[in-house]
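# Structural description and commentary
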Amino acid sequence: MTDNASADTSGAVTGGVRTLLRLEGLALLGGMTLLYYVWDGSWWVYALLFFVPDISFAAYLSGPRFGALMYNAAHSYLAPMAMMTTGFATSSPLVLSIAMIWLAHIGFDRALGYGLKYAAGFSFTHLGRIGKSAN
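The structure contained in this document is the topic of the report that follows. Values in this document were obtained by computation on a predicted structure and should not be read as measured data.

## Some words on the nonpolar core
- By size, the foremost hydrophobic cluster in this structure holds 13 residues, and its most contacted members are M32, Y46, F50, M84, M100 and A104.
- Elements with a contribution of two residues or more to this core: α2 (15–39) and α6 (93–111).
- Among the elements that take part in this core, α6 stands out by supplying six residues, more than any other.
- Not counting chain neighbours up to four residues away, the residues in contact with Y46 comprise L29, T33, Y36, I101 and A104.

This is the structure in structure tokens:
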């Protein structure tokens, strides 16, 4: 392995661990979507909000470091889990619905291999390289 190749995968998981993390994403997508269904949430709201976290892509227009920071903020479990906890604590159906949809979106992205981003560029993720340069 060349130094350049090892730099490309620095910090990225591989093999069975990568597969497990992607399966966890699929489980999160399925679990949150099922919970939303049982919750009897509006599917129009689900469809409308599902891709909202991807607006964070626009931050890449300001450069890869800021883009990664904003993408990771929108695709980390921290905020939606805090929302879910707050929603349960305050019995707020709207907050719970948004949290479920947000977590489902994160699960969808992780299942597809879109991990948290490194400042090196959009294609450098904790789940490995994505895009044309991945091969």
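Past the structure itself, the notes keep going.
## Quick notes on the packing of aromatic side chains
- In the structure shown here, the tally under the stated rule is eleven aromatic pairs.
- When the ring of F50 is compared with that of F51, the centres are 4.9 Å apart and the planes differ by 85°; the resulting orientation is edge-to-face.
- By relative accessible area, which is 8% here, F50 ends up buried.
- Judged by its relative accessible area of 46%, F51 is partly exposed.
- Following the ring pairs from residue to residue traces out a cluster consisting of Y36, W43, Y46, F50, F51 and F108.
- Sitting over the ring of Y77, R110 keeps its end group 4.8 Å from the ring centre.
- One cation-aromatic arrangement involves K117 over Y71; the distance from NZ or CZ to the ring centre is 4.4 Å.

## Brief notes about helix α4 (residues 64–74)
- Along α4, the positions that sit buried rather than exposed are G67, A68, Y71, N72 and A74. The buried residues of α4 occupy an angular sector of 160° when the element is viewed end-on, so they sit on one face. Along α4, exposed side chains directed more than 90 degrees from the buried face belong to R65 and L69.
- Those residues of α4 hidden inside the fold are in contact with α6, β1 (117–118) and β2 (121–125).

## Comments concerning the sheet that holds strand β3 (residues 128–129)
- As summarised here, the arrangement of the three strands in space is β1-β2-β3, forming an open sheet in which the pairing is antiparallel. In the strand order of this sheet, the two ends are held by β1 and β3, each with one partner.
- By the bridge criterion, two bridges tie β2 to β3 in an arrangement that is antiparallel. Bridge pairing in β3 links T125 to G128.

## A look at a nonpolar patch on the surface
- A contiguous nonpolar surface patch, about 470 Å² in accessible area, is contributed by L34, Y37, V38 and W43.
- Element by element, the count of residues in the nonpolar patch is highest for α2, at three residues.
- As for its position among the elements, V38 is in helix α2.

## So, the pairing of β2
- Judged by how many residues are buried, β2 sits mostly within the fold: four of five residues are covered.
- Hairpin connection between β1 and β2: a loop of two residues separates the two successive antiparallel strands.

Conventions we followed
Residues numbered from 1 in each chain as written. Predicted model: local features only at pLDDT ≥ 70, side-chain atom pairs only at ≥ 80, totals over all residues. Heavy atoms only, no water. Core = buried A, V, L, I, M, F, W, Y, C linked by side-chain atoms within 4.5 Å. Buried < 20%, exposed > 50% of the residue type's maximum accessible area, 1.4 Å probe, protein only. Helix = DSSP H or I, 4+ residues; strand = E, 2+ residues; numbered from the N terminus. Contact = heavy atoms within 4.5 Å. Phe/Tyr/Trp six-rings, centres within 6.5 Å; stacked < 30°, edge-to-face > 60°. Lys NZ or Arg CZ within 6 Å of the ring centre and 35° of its normal. Arc of directions from axis to C-beta. Pairing = 2+ DSSP bridges. Patch = residues over 30% accessible without salt bridge, like charges linked within 9 Å, V, L, I, M, F, W, Y side chains within 5 Å. Areas by Shrake-Rupley, 256 points an atom, 1.4 Å probe, with all protein chains shown as cover. Salt bridge = Lys/Arg side-chain N within 4 Å of Asp/Glu carboxyl O.

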